[in-house]
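Topology and contacts: notes
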Amino acid sequence: MAKKKKVVSRRVASSNGKAPKFDRVMVVSAHPDDPEFGAGGSVAKFAMDGTKVTYVIVTDGSQGGEDPKQKDSELTAIRQKEQLAAAKILGVKKVEFLGYKDGHLSPDLKLRHDIVRMIRKHKPDLVITHLPGRAIEAPMGASHPDHLAVGEATMAAVYPDSRNPRAFRSLLKEGLEPHVVKEVWIPYWMKGDHFVDISKTLDQKIAALHKHKSQVAKPGNEWDIDKWIRKRHREVGKKAGYRYAESFKRITV
Ligand SMILES: [Zn+2]
């Protein structure tokens, strides 16, 4: 059994040098900085290859701080600015902020509807989003409740809602026709089955992460993000024979 599994993952990995070609990619994330942590190297690679990348950031990021006295609007403005700067470094064409309150998400019909609207507007072939369930083998930061909600709502938005002309029919009145997404990728550094060689874009990923200054350089809580990121992606890369890699669960719709 174990042997069989290994052969499969190696075959997938070796086909990755030529990752499938997508014209349009959409990253749907709960918070500013999630796209860079999960898939920044791959996003830069897609953009470099001429793929149009769009981000959808669901929350306003207003709980990403340590000072209870700071105004939500102030932190939201800072984080949006940081997100735009990070996206620019990676070559992302468009960032959409849905403005939901940070920490308050559930995978309900309203959230699904709003993600369907984004999918029908930007027509991605590939959607990258959060794991729609708790990864109990990972540190808890990976399973933030907003991540679970966005993962689940996005999966439901991809299938069946975006492609179903009978779902959310008011969108048709906005001129948003059904759209079929081909694949969903979930960043999953421990158990991914699809590896993207990010050796050439790792520096861009790190530079983009540094733009999220409010998150990676919190006063009194500074950490060596460069070292941590390089170590993680070196370890993932080893599984696929790349110097540095990001890994995903790849789902065909
Ligand atoms: Zn997050």
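Below: a short report on this structure.

About the thresholds
Residues numbered from 1 in each chain as written. Predicted model: local features only at pLDDT ≥ 70, side-chain atom pairs only at ≥ 80, totals over all residues. Heavy atoms only, no water. Phe/Tyr/Trp six-rings, centres within 6.5 Å; stacked < 30°, edge-to-face > 60°. Helix = DSSP H or I, 4+ residues; strand = E, 2+ residues; numbered from the N terminus. Buried < 20%, exposed > 50% of the residue type's maximum accessible area, 1.4 Å probe, protein only. Salt bridge = Lys/Arg side-chain N within 4 Å of Asp/Glu carboxyl O.

**A look at the packing of aromatic side chains**
Any aromatic ring pair is given by two values, namely how distant the centres are and how the planes are angled relative to each other. Overall, the coordinates contain 5 aromatic pairs when judged by the stated rule. Ring centres of Phe-22 and Trp-185 lie 5.9 Å apart, and the angle between their planes is 80°; on these two criteria the pair is classed as edge-to-face. Taken together, the positions of Phe-22 in the loop between helix 1 (2–14) and strand 1 (24–29) and Trp-185 in strand 5 (residues 183–187) put the pair 163 residues apart, joining distant regions of the chain. For the residue pair Phe-22 and Trp-185, the accessibility class agrees, reading buried in each case. Taken together, a centroid distance of 5.7 Å and an interplanar angle of 40° make the contact between Phe-46 and Trp-185 tilted. Taken together, the residues Phe-46 in helix 2 (residues 34–48) and Trp-185 in strand 5 connect sequence positions 139 residues apart.

**Quick look at the environment of Leu-75**
Mapping Leu-75 onto the fold places it in helix 3 (residues 72–90). The spacing of Leu-75 and Asp-224 is 149 residues in sequence and 23 Å in space, taken between C-alpha atoms.

**Focus: the pattern of salt bridges**
The full count for this structure, using the stated rule, is 14 salt bridges. Arg-117 serves as the salt-bridge partner of Asp-114, at 3.8 Å between the closest nitrogen and oxygen. Pair noted here: Asp-114 and Arg-117 are both in helix 4 (residues 109–122), with a separation of 3 residues, about one helical turn. Accessibility expressed as a relative area gives 13% for Asp-114, which makes it buried. Through salt bridges with shared partners, a single network forms among Lys-110, Asp-114, Arg-117 and Glu-174.

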